[in-house]
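# Working through the structure, step by step
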Amino acid sequence: MIPMTLAEVAAAVRGRLDSVSDAWAAVTAPTAFDSRQVEPGGLFAALPGMRVDGHDFAVAAIEGGAVAVLASRPTGTPAVIVDNVVSAMSDLAHAVAARYTGRILAITGSAGKTSTKDLLTQILSRAGSVVATQRSFNNEIGFPHTVLRVQADTDYLVLEMGARGRGHIAHLADIARPQIGAVLGIGSAHLGEFGSREAIAVAKRELVEALEPSGIAVLNDDDPLVSAMAGHTRARVLRFGTGPEADVRATDVALDAHARARFTLRHRDDAAPVTLGVVGAHHLTNALAAAALALAAGVEFGTVADSLDGASLASGSRMELIERSDGVTVINDAFNASPESVEAALVSLAALAADTRPSIAVLGEMRELGNSAPALHARIGRCVADLGIDTLITVGGPHAELIATTARQAGSRRVTHIESKDQALALITETLRGRDVVLIKGANSAGLFETAAALVAAGH
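Since the model is a prediction, treat every value here as computed from it, not as a measurement.

By definition, the strands of a sheet pair up through backbone hydrogen bonds, in either a parallel or an antiparallel sense. Judged by pairing direction, the sheet is mixed, and its six strands sit side by side in the order S17-S18-S22-S19-S20-S21 without closing on themselves. At either margin of the open sheet sits one strand with a lone partner, and together these are strand S17 (320–323) and strand S21 (414–418). Each strand axis lies, on average, 15° off the axis of its neighbour in the sheet, ignoring direction. With five bridges joining them, strand S18 (residues 329–333) and strand S22 (residues 437–441) adopt parallel strand pairing. Of the residues in S22, the one forming a bridge with Thr 329 is Val 437. Strands in contact with helix H13 (residues 339–353) are S17, S18, strand S19 (359–364) and S22; relative to S22, the strand with the most contacts, it is inclined by about 170°.

See the structure below:
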(Lines give C-alpha, C1' and ligand atoms only; values in the text may rest on other atoms or scores of the structure.)
Protein backbone atom coordinates (compact mmCIF):
# COMPACT_ATOMS: atom_id res chain seq x y z
CA MET A 1 0.00 0.00 0.00
CA ILE A 2 1.11 3.56 -0.61
CA PRO A 3 2.22 4.57 2.92
CA MET A 4 -0.26 6.45 5.09
CA THR A 5 -0.18 7.21 8.79
CA LEU A 6 -2.93 5.91 11.04
CA ALA A 7 -4.10 9.51 11.45
CA GLU A 8 -4.40 9.81 7.67
CA VAL A 9 -6.20 6.48 7.47
CA ALA A 10 -8.70 7.59 10.10
CA ALA A 11 -9.34 10.84 8.23
CA ALA A 12 -9.79 9.00 4.90
CA VAL A 13 -12.39 6.60 6.34
CA ARG A 14 -14.07 9.14 8.66
CA GLY A 15 -13.16 6.98 11.63
CA ARG A 16 -11.61 7.44 15.07
CA LEU A 17 -8.49 5.95 16.57
CA ASP A 18 -8.88 3.59 19.51
CA SER A 19 -6.09 2.18 21.71
CA VAL A 20 -3.52 3.75 19.37
CA SER A 21 -0.36 5.03 21.06
CA ASP A 22 1.22 6.48 17.92
CA ALA A 23 -1.13 8.14 15.41
CA TRP A 24 1.85 8.70 13.09
CA ALA A 25 2.66 4.98 12.76
CA ALA A 26 2.78 4.20 9.07
CA VAL A 27 0.65 1.65 7.24
CA THR A 28 2.86 0.35 4.46
CA ALA A 29 1.48 -3.09 3.54
CA PRO A 30 -1.87 -4.15 2.05
CA THR A 31 -5.09 -4.49 3.98
CA ALA A 32 -6.03 -8.12 4.68
CA PHE A 33 -9.42 -9.54 5.62
CA ASP A 34 -7.96 -12.90 6.67
CA SER A 35 -5.84 -12.67 9.83
CA ARG A 36 -3.64 -15.49 8.51
CA GLN A 37 -2.68 -13.32 5.52
CA VAL A 38 -1.71 -10.18 7.42
CA GLU A 39 1.61 -8.69 6.36
CA PRO A 40 3.83 -6.72 8.74
CA GLY A 41 2.92 -3.06 8.43
CA GLY A 42 -0.56 -3.71 7.07
CA LEU A 43 -4.12 -3.23 8.27
CA PHE A 44 -6.55 -5.99 9.20
CA ALA A 45 -10.15 -5.43 8.06
CA ALA A 46 -12.43 -7.07 10.65
CA LEU A 47 -15.31 -8.06 8.40
CA PRO A 48 -18.45 -9.48 9.99
CA GLY A 49 -19.44 -12.83 8.50
CA MET A 50 -22.29 -15.30 8.68
CA ARG A 51 -20.13 -17.89 10.44
CA VAL A 52 -17.22 -15.97 11.92
CA ASP A 53 -16.63 -12.37 12.92
CA GLY A 54 -13.34 -10.80 11.95
CA HIS A 55 -13.30 -8.83 15.20
CA ASP A 56 -12.61 -12.10 17.02
CA PHE A 57 -9.28 -12.35 15.20
CA ALA A 58 -8.04 -8.82 15.91
CA VAL A 59 -5.45 -9.91 18.47
CA ALA A 60 -4.09 -12.58 16.12
CA ALA A 61 -3.81 -9.99 13.34
CA ILE A 62 -1.84 -7.58 15.55
CA GLU A 63 0.42 -10.42 16.66
CA GLY A 64 0.92 -11.21 12.96
CA GLY A 65 2.29 -7.73 12.31
CA ALA A 66 -0.76 -5.56 11.56
CA VAL A 67 -0.33 -1.93 12.58
CA ALA A 68 -4.02 -1.65 13.45
CA VAL A 69 -7.45 -3.13 12.87
CA LEU A 70 -10.17 -1.54 10.77
CA ALA A 71 -13.18 -2.33 12.95
CA SER A 72 -16.75 -1.33 13.75
CA ARG A 73 -16.22 -1.66 17.53
CA PRO A 74 -13.28 -1.62 19.95
CA THR A 75 -11.24 -4.81 19.88
CA GLY A 76 -8.76 -4.25 22.68
CA THR A 77 -6.09 -3.64 20.06
CA PRO A 78 -4.95 -0.56 18.10
CA ALA A 79 -7.90 0.13 15.81
CA VAL A 80 -9.57 2.60 13.48
CA ILE A 81 -13.26 2.51 14.42
CA VAL A 82 -15.75 3.08 11.60
CA ASP A 83 -19.50 2.61 11.08
CA ASN A 84 -19.08 0.06 8.28
CA VAL A 85 -15.85 -1.81 7.56
CA VAL A 86 -16.69 -2.63 3.93
CA SER A 87 -17.49 1.01 3.15
CA ALA A 88 -14.34 2.08 4.97
CA MET A 89 -12.24 -0.21 2.78
CA SER A 90 -13.68 1.56 -0.27
CA ASP A 91 -12.99 4.99 1.23
CA LEU A 92 -9.41 4.03 2.04
CA ALA A 93 -8.90 2.60 -1.45
CA HIS A 94 -10.25 5.85 -2.90
CA ALA A 95 -7.67 7.81 -0.90
CA VAL A 96 -4.84 5.50 -1.99
CA ALA A 97 -5.91 5.63 -5.65
CA ALA A 98 -5.90 9.44 -5.47
CA ARG A 99 -2.22 9.30 -4.50
CA TYR A 100 -1.31 6.75 -7.18
CA THR A 101 0.31 8.20 -10.30
CA GLY A 102 0.65 5.07 -12.47
CA ARG A 103 -1.74 3.69 -15.08
CA ILE A 104 -5.07 2.23 -13.96
CA LEU A 105 -6.62 -0.26 -16.39
CA ALA A 106 -10.08 -1.76 -15.76
CA ILE A 107 -11.81 -4.76 -17.33
CA THR A 108 -15.47 -5.75 -17.31
CA GLY A 109 -17.75 -8.01 -19.31
CA SER A 110 -20.00 -11.02 -18.83
CA ALA A 111 -17.15 -13.51 -19.19
CA GLY A 112 -13.40 -13.59 -19.67
CA LYS A 113 -12.41 -10.89 -17.17
CA THR A 114 -9.98 -13.03 -15.21
CA SER A 115 -8.49 -14.69 -18.29
CA THR A 116 -7.97 -11.31 -19.95
CA LYS A 117 -6.46 -9.96 -16.74
CA ASP A 118 -4.03 -12.88 -16.61
CA LEU A 119 -2.94 -12.33 -20.23
CA LEU A 120 -2.68 -8.56 -19.79
CA THR A 121 -0.60 -8.94 -16.64
CA GLN A 122 1.89 -11.12 -18.52
CA ILE A 123 2.24 -8.44 -21.20
CA LEU A 124 2.54 -5.49 -18.82
CA SER A 125 5.08 -7.33 -16.68
CA ARG A 126 7.48 -7.08 -19.63
CA ALA A 127 7.16 -3.29 -19.50
CA GLY A 128 7.03 -2.54 -15.78
CA SER A 129 5.71 -3.53 -12.36
CA VAL A 130 2.09 -4.65 -12.09
CA VAL A 131 -0.50 -5.06 -9.35
CA ALA A 132 -3.57 -6.95 -10.57
CA THR A 133 -6.76 -8.40 -9.18
CA GLN A 134 -6.07 -11.73 -7.51
CA ARG A 135 -8.24 -14.61 -8.71
CA SER A 136 -11.69 -13.03 -9.25
CA PHE A 137 -11.72 -10.49 -6.41
CA ASN A 138 -13.82 -7.98 -8.35
CA ASN A 139 -16.66 -7.01 -6.00
CA GLU A 140 -17.13 -4.41 -3.26
CA ILE A 141 -14.65 -6.25 -1.01
CA GLY A 142 -12.15 -7.67 -3.47
CA PHE A 143 -11.87 -4.50 -5.56
CA PRO A 144 -10.63 -2.18 -2.77
CA HIS A 145 -8.43 -5.02 -1.51
CA THR A 146 -6.64 -4.94 -4.88
CA VAL A 147 -6.31 -1.15 -4.94
CA LEU A 148 -4.81 -1.22 -1.44
CA ARG A 149 -2.00 -3.47 -2.69
CA VAL A 150 -0.62 -0.79 -5.00
CA GLN A 151 2.71 0.91 -4.21
CA ALA A 152 3.91 4.35 -5.20
CA ASP A 153 6.35 2.85 -7.73
CA THR A 154 3.84 0.41 -9.29
CA ASP A 155 3.62 1.11 -13.02
CA TYR A 156 0.27 -0.53 -13.75
CA LEU A 157 -2.81 -1.30 -11.65
CA VAL A 158 -5.08 -3.82 -13.39
CA LEU A 159 -8.60 -4.11 -11.98
CA GLU A 160 -11.48 -6.46 -12.74
CA MET A 161 -14.94 -4.97 -12.29
CA GLY A 162 -17.91 -7.24 -11.60
CA ALA A 163 -21.55 -6.18 -11.39
CA ARG A 164 -24.75 -7.67 -10.06
CA GLY A 165 -26.84 -4.57 -10.61
CA ARG A 166 -26.99 -1.04 -11.97
CA GLY A 167 -24.54 1.33 -10.36
CA HIS A 168 -22.08 -1.33 -9.17
CA ILE A 169 -19.42 -0.59 -11.80
CA ALA A 170 -19.94 3.16 -11.45
CA HIS A 171 -19.25 2.74 -7.72
CA LEU A 172 -16.05 0.79 -8.36
CA ALA A 173 -14.89 3.30 -10.96
CA ASP A 174 -15.42 6.08 -8.43
CA ILE A 175 -13.12 4.28 -5.98
CA ALA A 176 -10.27 4.09 -8.50
CA ARG A 177 -10.82 6.09 -11.68
CA PRO A 178 -9.32 4.17 -14.65
CA GLN A 179 -7.57 5.84 -17.53
CA ILE A 180 -8.20 2.82 -19.75
CA GLY A 181 -11.29 0.59 -19.60
CA ALA A 182 -12.26 -2.48 -21.60
CA VAL A 183 -15.63 -4.17 -22.12
CA LEU A 184 -15.16 -7.74 -23.34
CA GLY A 185 -18.67 -8.86 -24.23
CA ILE A 186 -22.29 -9.13 -23.15
CA GLY A 187 -23.48 -12.67 -22.48
CA SER A 188 -26.14 -14.44 -20.48
CA ALA A 189 -24.35 -14.56 -17.13
CA HIS A 190 -26.41 -12.85 -14.39
CA LEU A 191 -29.58 -12.71 -16.48
CA GLY A 192 -31.38 -13.51 -13.25
CA GLU A 193 -30.30 -10.20 -11.76
CA PHE A 194 -30.59 -8.02 -14.85
CA GLY A 195 -33.43 -9.58 -16.84
CA SER A 196 -31.97 -9.06 -20.33
CA ARG A 197 -28.68 -8.78 -22.19
CA GLU A 198 -29.54 -5.18 -23.00
CA ALA A 199 -29.85 -4.40 -19.29
CA ILE A 200 -26.51 -6.09 -18.68
CA ALA A 201 -24.97 -3.88 -21.38
CA VAL A 202 -26.30 -0.73 -19.69
CA ALA A 203 -24.64 -1.80 -16.43
CA LYS A 204 -21.34 -2.74 -18.08
CA ARG A 205 -21.07 0.50 -20.05
CA GLU A 206 -20.81 2.39 -16.75
CA LEU A 207 -17.09 1.69 -17.08
CA VAL A 208 -16.65 3.62 -20.33
CA GLU A 209 -19.03 6.31 -19.12
CA ALA A 210 -16.66 6.88 -16.21
CA LEU A 211 -13.63 7.51 -18.43
CA GLU A 212 -12.31 11.04 -18.86
CA PRO A 213 -11.89 12.56 -22.36
CA SER A 214 -8.17 11.81 -22.05
CA GLY A 215 -8.91 8.12 -21.45
CA ILE A 216 -9.26 5.18 -23.82
CA ALA A 217 -12.30 2.91 -24.12
CA VAL A 218 -11.31 -0.54 -25.40
CA LEU A 219 -14.37 -2.15 -27.01
CA ASN A 220 -15.13 -5.54 -28.56
CA ASP A 221 -16.08 -4.70 -32.13
CA ASP A 222 -17.40 -8.25 -32.68
CA ASP A 223 -20.17 -7.71 -30.09
CA PRO A 224 -22.82 -5.21 -31.28
CA LEU A 225 -23.92 -4.39 -27.73
CA VAL A 226 -20.35 -3.51 -26.79
CA SER A 227 -19.49 -1.74 -30.03
CA ALA A 228 -22.48 0.57 -29.50
CA MET A 229 -20.93 1.79 -26.26
CA ALA A 230 -18.70 4.05 -28.34
CA GLY A 231 -21.60 6.49 -28.29
CA HIS A 232 -21.64 6.55 -24.48
CA THR A 233 -18.10 7.60 -23.66
CA ARG A 234 -16.10 10.81 -23.79
CA ALA A 235 -12.90 8.82 -24.19
CA ARG A 236 -11.08 7.84 -27.37
CA VAL A 237 -12.26 4.45 -28.63
CA LEU A 238 -9.94 1.58 -29.52
CA ARG A 239 -11.75 -1.40 -31.03
CA PHE A 240 -10.58 -5.02 -31.05
CA GLY A 241 -11.99 -8.00 -32.94
CA THR A 242 -11.78 -10.08 -36.08
CA GLY A 243 -13.45 -7.69 -38.51
CA PRO A 244 -11.70 -5.24 -40.83
CA GLU A 245 -12.89 -2.21 -38.83
CA ALA A 246 -11.16 -3.29 -35.63
CA ASP A 247 -8.05 -1.32 -34.65
CA VAL A 248 -6.48 -4.36 -33.00
CA ARG A 249 -7.51 -7.44 -34.91
CA ALA A 250 -6.80 -11.08 -35.63
CA THR A 251 -6.58 -12.53 -39.12
CA ASP A 252 -5.74 -16.01 -40.40
CA VAL A 253 -7.42 -17.51 -37.33
CA ALA A 254 -7.16 -21.28 -36.84
CA LEU A 255 -6.94 -23.85 -34.05
CA ASP A 256 -3.91 -26.07 -33.66
CA ALA A 257 -4.06 -29.75 -32.71
CA HIS A 258 -4.51 -28.79 -29.04
CA ALA A 259 -7.45 -26.43 -29.75
CA ARG A 260 -5.29 -23.36 -29.13
CA ALA A 261 -5.94 -20.25 -31.18
CA ARG A 262 -3.33 -19.44 -33.82
CA PHE A 263 -3.61 -16.09 -35.61
CA THR A 264 -1.88 -13.03 -36.98
CA LEU A 265 -2.10 -10.08 -34.59
CA ARG A 266 -2.42 -6.76 -36.40
CA HIS A 267 -2.38 -3.11 -35.33
CA ARG A 268 -1.87 -0.33 -37.85
CA ASP A 269 1.08 -1.43 -40.00
CA ASP A 270 2.36 -4.00 -37.51
CA ALA A 271 1.69 -7.73 -37.78
CA ALA A 272 3.02 -10.80 -35.97
CA PRO A 273 2.08 -14.49 -35.70
CA VAL A 274 0.74 -15.62 -32.31
CA THR A 275 -0.20 -19.02 -30.94
CA LEU A 276 -1.79 -18.93 -27.52
CA GLY A 277 -0.82 -21.42 -24.87
CA VAL A 278 -4.36 -21.69 -23.53
CA VAL A 279 -7.00 -24.07 -24.90
CA GLY A 280 -10.16 -22.73 -26.53
CA ALA A 281 -11.06 -20.58 -29.51
CA HIS A 282 -12.94 -18.20 -27.20
CA HIS A 283 -9.65 -17.08 -25.66
CA LEU A 284 -8.93 -15.26 -28.93
CA THR A 285 -11.28 -12.51 -27.73
CA ASN A 286 -9.49 -12.32 -24.38
CA ALA A 287 -6.08 -12.17 -26.08
CA LEU A 288 -7.18 -9.38 -28.42
CA ALA A 289 -8.61 -7.44 -25.48
CA ALA A 290 -5.36 -7.85 -23.55
CA ALA A 291 -3.37 -6.74 -26.59
CA ALA A 292 -5.55 -3.67 -27.09
CA LEU A 293 -5.34 -2.71 -23.42
CA ALA A 294 -1.56 -3.04 -23.43
CA LEU A 295 -1.21 -1.04 -26.63
CA ALA A 296 -3.48 1.63 -25.15
CA ALA A 297 -1.13 1.75 -22.15
CA GLY A 298 1.82 2.43 -24.46
CA VAL A 299 3.44 -1.01 -24.64
CA GLU A 300 5.31 -1.64 -27.89
CA PHE A 301 3.59 -3.92 -30.41
CA GLY A 302 6.54 -6.33 -30.52
CA THR A 303 6.41 -6.78 -26.75
CA VAL A 304 2.67 -7.40 -26.90
CA ALA A 305 2.96 -10.06 -29.60
CA ASP A 306 5.94 -11.78 -27.98
CA SER A 307 4.17 -11.88 -24.62
CA LEU A 308 0.98 -13.40 -26.05
CA ASP A 309 2.79 -16.08 -28.03
CA GLY A 310 2.57 -19.18 -25.84
CA ALA A 311 0.83 -17.30 -23.03
CA SER A 312 -1.18 -19.34 -20.54
CA LEU A 313 -3.42 -18.47 -17.60
CA ALA A 314 -2.20 -18.04 -14.05
CA SER A 315 -5.67 -18.58 -12.57
CA GLY A 316 -6.60 -22.24 -12.30
CA SER A 317 -9.71 -24.16 -13.41
CA ARG A 318 -10.05 -22.16 -16.64
CA MET A 319 -9.59 -24.42 -19.67
CA GLU A 320 -6.69 -25.95 -17.78
CA LEU A 321 -5.36 -28.87 -19.86
CA ILE A 322 -3.78 -31.77 -17.96
CA GLU A 323 -2.43 -34.95 -19.55
CA ARG A 324 -2.60 -37.97 -17.28
CA SER A 325 0.11 -40.61 -17.46
CA ASP A 326 -2.39 -43.12 -18.88
CA GLY A 327 -3.18 -40.92 -21.89
CA VAL A 328 -6.42 -39.41 -20.58
CA THR A 329 -6.69 -35.64 -21.12
CA VAL A 330 -8.59 -33.59 -18.54
CA ILE A 331 -9.89 -30.11 -19.34
CA ASN A 332 -10.59 -28.40 -16.02
CA ASP A 333 -12.87 -25.46 -16.75
CA ALA A 334 -14.87 -25.73 -13.54
CA PHE A 335 -14.24 -22.29 -12.09
CA ASN A 336 -17.50 -20.91 -13.46
CA ALA A 337 -20.09 -21.40 -16.16
CA SER A 338 -22.24 -19.23 -18.40
CA PRO A 339 -24.10 -20.50 -21.48
CA GLU A 340 -21.54 -18.92 -23.79
CA SER A 341 -18.54 -20.30 -21.91
CA VAL A 342 -20.05 -23.80 -21.72
CA GLU A 343 -20.68 -23.81 -25.45
CA ALA A 344 -17.15 -22.58 -26.12
CA ALA A 345 -15.71 -25.29 -23.86
CA LEU A 346 -17.76 -27.97 -25.65
CA VAL A 347 -16.46 -26.76 -29.02
CA SER A 348 -12.92 -27.07 -27.68
CA LEU A 349 -13.65 -30.57 -26.37
CA ALA A 350 -14.91 -31.64 -29.79
CA ALA A 351 -11.87 -30.10 -31.48
CA LEU A 352 -9.43 -31.85 -29.14
CA ALA A 353 -11.13 -35.22 -29.57
CA ALA A 354 -11.40 -34.66 -33.34
CA ASP A 355 -13.30 -37.93 -34.00
CA THR A 356 -10.20 -39.94 -33.05
CA ARG A 357 -10.52 -39.92 -29.26
CA PRO A 358 -13.54 -40.53 -26.99
CA SER A 359 -15.01 -37.29 -25.67
CA ILE A 360 -16.70 -36.97 -22.29
CA ALA A 361 -18.47 -33.85 -21.03
CA VAL A 362 -19.16 -33.57 -17.30
CA LEU A 363 -21.47 -30.60 -16.87
CA GLY A 364 -22.96 -29.00 -13.77
CA GLU A 365 -25.71 -26.44 -13.53
CA MET A 366 -25.33 -22.82 -14.57
CA ARG A 367 -26.48 -20.33 -11.96
CA GLU A 368 -27.98 -16.82 -11.87
CA LEU A 369 -29.89 -17.17 -15.14
CA GLY A 370 -33.35 -16.31 -13.77
CA ASN A 371 -36.39 -17.25 -15.82
CA SER A 372 -34.15 -18.01 -18.81
CA ALA A 373 -32.49 -20.93 -17.01
CA PRO A 374 -34.61 -23.76 -18.49
CA ALA A 375 -34.19 -22.58 -22.09
CA LEU A 376 -30.46 -21.95 -21.68
CA HIS A 377 -29.80 -25.34 -20.10
CA ALA A 378 -31.78 -26.99 -22.89
CA ARG A 379 -29.62 -25.09 -25.39
CA ILE A 380 -26.53 -26.69 -23.87
CA GLY A 381 -28.08 -30.13 -24.26
CA ARG A 382 -28.67 -29.52 -27.96
CA CYS A 383 -25.11 -28.24 -28.32
CA VAL A 384 -23.76 -31.51 -26.85
CA ALA A 385 -25.75 -33.50 -29.39
CA ASP A 386 -24.90 -31.23 -32.33
CA LEU A 387 -21.16 -31.50 -31.60
CA GLY A 388 -21.33 -35.29 -31.37
CA ILE A 389 -19.89 -35.49 -27.85
CA ASP A 390 -19.63 -39.23 -27.11
CA THR A 391 -20.60 -39.25 -23.44
CA LEU A 392 -22.48 -36.72 -21.32
CA ILE A 393 -22.62 -36.79 -17.52
CA THR A 394 -24.68 -34.05 -15.87
CA VAL A 395 -24.40 -33.25 -12.17
CA GLY A 396 -26.84 -31.41 -9.95
CA GLY A 397 -30.52 -30.50 -9.78
CA PRO A 398 -33.36 -30.13 -12.29
CA HIS A 399 -31.54 -27.76 -14.63
CA ALA A 400 -28.57 -30.11 -14.99
CA GLU A 401 -31.02 -32.93 -15.62
CA LEU A 402 -32.64 -30.80 -18.33
CA ILE A 403 -29.29 -30.68 -20.15
CA ALA A 404 -29.24 -34.48 -20.12
CA THR A 405 -32.88 -34.86 -21.17
CA THR A 406 -32.52 -32.42 -24.06
CA ALA A 407 -29.28 -34.01 -25.27
CA ARG A 408 -30.92 -37.43 -25.21
CA GLN A 409 -33.92 -36.12 -27.16
CA ALA A 410 -31.54 -34.51 -29.68
CA GLY A 411 -29.81 -37.82 -30.39
CA SER A 412 -27.08 -38.26 -27.77
CA ARG A 413 -26.90 -41.91 -26.70
CA ARG A 414 -24.52 -42.11 -23.73
CA VAL A 415 -26.16 -39.76 -21.26
CA THR A 416 -26.23 -40.08 -17.46
CA HIS A 417 -27.53 -37.70 -14.82
CA ILE A 418 -26.41 -37.78 -11.19
CA GLU A 419 -27.49 -35.47 -8.39
CA SER A 420 -24.26 -35.35 -6.39
CA LYS A 421 -20.71 -34.60 -7.47
CA ASP A 422 -19.62 -37.24 -4.96
CA GLN A 423 -20.75 -39.83 -7.50
CA ALA A 424 -18.96 -38.19 -10.41
CA LEU A 425 -15.40 -39.51 -10.06
CA ALA A 426 -16.44 -43.17 -9.91
CA LEU A 427 -18.80 -42.74 -12.86
CA ILE A 428 -16.20 -40.98 -15.00
CA THR A 429 -13.61 -43.64 -14.17
CA GLU A 430 -16.02 -46.39 -15.20
CA THR A 431 -16.71 -44.56 -18.46
CA LEU A 432 -13.07 -44.12 -19.55
CA ARG A 433 -12.09 -46.22 -22.55
CA GLY A 434 -8.52 -45.04 -23.07
CA ARG A 435 -7.09 -41.77 -24.48
CA ASP A 436 -10.36 -40.04 -23.56
CA VAL A 437 -10.69 -36.25 -23.48
CA VAL A 438 -12.75 -35.22 -20.43
CA LEU A 439 -14.22 -31.74 -20.00
CA ILE A 440 -15.39 -30.76 -16.51
CA LYS A 441 -17.43 -27.57 -16.41
CA GLY A 442 -19.96 -26.00 -14.06
CA ALA A 443 -20.78 -23.09 -11.80
CA ASN A 444 -18.16 -22.51 -9.12
CA SER A 445 -20.70 -23.31 -6.41
CA ALA A 446 -21.15 -26.79 -7.91
CA GLY A 447 -17.62 -27.63 -6.77
CA LEU A 448 -16.71 -29.66 -9.85
CA PHE A 449 -13.16 -28.31 -9.68
CA GLU A 450 -12.74 -30.83 -6.86
CA THR A 451 -13.86 -33.60 -9.22
CA ALA A 452 -11.36 -32.38 -11.81
CA ALA A 453 -8.53 -32.40 -9.29
CA ALA A 454 -9.46 -35.91 -8.12
CA LEU A 455 -9.63 -37.17 -11.71
CA VAL A 456 -6.17 -35.78 -12.45
CA ALA A 457 -4.74 -37.26 -9.25
CA ALA A 458 -6.24 -40.66 -10.07
CA GLY A 459 -4.10 -40.86 -13.21
CA HIS A 460 -0.74 -40.28 -11.53
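So, next bit.
Moving on: the side chain of Arg 318. Secondary-structure assignment places Arg 318 in the loop between helix H12 (301–308) and S17. Salt bridges are absent for the buried Arg 318, whose nearest opposite-charge side chain, Asp 118, sits at 5.8 Å. A distance of 3.4 Å separates the side chain of Arg 318 from the side chain of Thr 114, its partner in a polar contact. Setting aside residues no more than four positions away along its own chain, Arg 318 makes contact with Thr 114, Ser 115, Ser 136, Leu 313, Asn 332, Asp 333 and Phe 335.

Here S22 lies mainly inside the structure; five of its five residues are buried. The side-chain alternation of S22 yields two buried faces, one formed by Val 437, Leu 439 and Lys 441 and the other by Val 438 and Ile 440.

Let us look at the environment of Ile 331. With respect to the helices and strands, Ile 331 occurs in strand S18. By relative accessible area, which is 0% here, Ile 331 ends up buried. Those residues in contact with Ile 331 that sit more than four places away from it in its chain are Met 319, Glu 320, Leu 321, Leu 349, Leu 352, Val 437, Val 438, Leu 439 and Ile 440.

Thresholds applied
What you see as residue numbers is a count from 1 along each chain, following the sequence as written. Totals for whole chains, interfaces and linings use all residues, but because this is a predicted model, local features are given only for residues with pLDDT of at least 70 and pairs of side-chain atoms are given and counted only at 80 or more. Hydrogens are left out, water is left out, and the side-chain values use all remaining heavy atoms of the structure. Strand pairing follows a simple DSSP-based rule, namely that at least 2 bridges must link the two strands. Strands here are runs of E lasting at least two residues and helices are runs of H or I lasting at least four, both read from the DSSP assignment and numbered beginning at the N terminus. Axis angles are defined between N-to-C directions and span 0 to 180 degrees, where every axis is a line fitted to C-alpha atoms and, for a helix, only to the segment in contact. Every residue pair with non-hydrogen atoms within 4.5 Å of one another is taken to be in contact. Buried means the residue's accessible area, taken with a 1.4 Å probe over protein chains only, is under 20% of the maximum for its type, while exposed means over 50%, and partly exposed covers the values in between. As used throughout, the charge tally considers Lys and Arg to be positive and Asp and Glu to be negative, leaving His and the chain termini uncounted. Within this document, salt bridges are pairs made up of a side-chain nitrogen of Lys or Arg and a carboxyl oxygen of Asp or Glu, the two lying within 4 Å of each other. Counting of polar contacts relies on pairs of N or O atoms within 3.5 Å, with two restrictions inside protein: one atom must be capable of donating a hydrogen and the other of accepting it, and residues adjacent in sequence are counted only when both atoms are side-chain atoms.

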